[in-house]
Amino acid sequence: MEVKLRNLKKFYKDYLALDIGDYTFKKGIITGIMGSNGAGKTTLLNIVSGLDLDFQGNVLYDGEPLDERKQKEITQVFQKPFLFKRKVKDNIAYPLVIRKIDKEEIRRRTLELAKLLEIEDLLDKMGNQISGGEAQKVALARALAIRPKLLLLDEPTSSIDQKALITIENCLHIFHRNTNATIIIVTHDATQSDRLCDEVVFLERGRIC
Ligand SMILES: Nc1ncnc2c1ncn2[C@@H]1O[C@H](COP(=O)(O)OP(=O)(O)O)[C@@H](O)[C@H]1O
Ligand SMILES: [Mg+2]
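Residues numbered from 1 in each chain as written. Chains lettered and ligands numbered in written order. Predicted model: local features only at pLDDT ≥ 70, side-chain atom pairs only at ≥ 80, totals over all residues.

### Quick look at the environment of Thr179
Then step 1. Along the polypeptide, Thr179 turns up in helix α6 (residues 162-179).
Then step 2. On the basis of neighbour counts, which here come to 15 C-beta atoms within 10 Å, the residue Thr179 falls in the partly exposed class. (Helix = DSSP H or I, 4+ residues; strand = E, 2+ residues; numbered from the N terminus. Buried ≥ 20, exposed ≤ 12 C-beta atoms within 10 Å, placed from the backbone.)

### Considerations on the nonpolar core
Then step 1. Among the nonpolar cores identified, the biggest contains 52 residues, and Val48, Val138, Leu140, Ala141, Leu152, Ile183 and Ile184 are the most heavily contacted of them.
Then step 2. At 8 residues, the largest contribution of residues to this core is made by helix α5 (residues 132-145).
Then step 3. Dropping the residues within four chain positions of it, Ile184 is found in contact with Phe25, Thr31, Ile33, Leu45, Val48 and Leu152. (Core = buried A, V, L, I, M, F, W, Y, C linked by C-beta atoms within 7 Å. Contact = placed C-beta atoms within 7 Å.)

### Section: the packing of helix α3 (residues 88-98) against α5
Then step 1. Running from N to C, α3 and α5 cross one another at 25°; their axes reach a closest spacing of 7 Å. One finds that α3 runs roughly parallel with respect to α5. The crossing of α3 and α5 is right-handed. Mapping the contact onto sequence places Val88, Asn91, Ile92, Tyr94, Pro95 and Leu96 in α3 and Val138, Ala141, Arg142 and Ala145 in α5.
Then step 2. Split by residue class, the contact of α3 with α5 holds 8 nonpolar, 1 polar and 1 charged. (Axes fitted to C-alpha atoms, helices over the stretch in contact; angles between N-to-C directions. Parallel < 35°, antiparallel > 145°, perpendicular 65-115°, else oblique. Left-handed = near helix turned anticlockwise from the far one by under 90°. Nonpolar A, V, L, I, M, F, W, Y, C, P; charged D, E, K, R; others polar.)

### As for the site of ligand 1
Then step 1. Taken together, Tyr12, Ala17, Gly35, Asn37, Gly38, Ala39, Gly40, Lys41, Thr42 and Thr43 form the complete shell of residues around ligand 1.
Then step 2. Split by residue class, the shell around ligand 1 holds 3 nonpolar, 6 polar and 1 charged. (Near = placed C-beta within 6 Å.)

Below you can see the structure in the form of structure tokens.
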């Protein structure tokens, strides 16, 4: 999915948090967003994902405004993963259950992602009783389960160790290769954007520079 931003402005009361004249996230590409704390990275992701509808300007998805059908193809992984107080496997399956996917297919995808992210031994644990790094992997598995056409990641490896970081990056590579999804990833790590991203944009005080 291609995402075009046109004359995008976001105010928090009087504060102009985003001001982007014209930018296109290209289809099938991994774009990194970098910039210091408070630059507007999360604000931008929240708008592009459709979570925040309170902005000025246009965001076009393959040339069209957001609608219910497109919304179902977009997934955002938050910096602080939110998991339900249910088993990990139910957390991963949740978006598939609400999309009424066949039970056997849900089981298959859940297992496949758990293997890829090396969280098979967590599947029967409770979502609120695992570590922060583990939760980040589970949140990513839940996002990938629906095979989104647009995947938005907010610092997905900020609180994890080196081994988990490699696992997550490998998983993203495989997902991207298999689906050619558009991925937008906020990262503070320039080596990570070198490894993962085809393009990088820098945000500074809400502007692309
Ligand atoms: N809900 C909010 N209300 C008021 N100001 C906010 C809110 N969310 C973010 N901001 C402000 O907007 C700016 C951009 O925030 P954010 O997008 O979270 O930055 P980043 O993710 O790049 O660190 C910051 O100055 C922040 O304080
Ligand atoms: Mg942020």
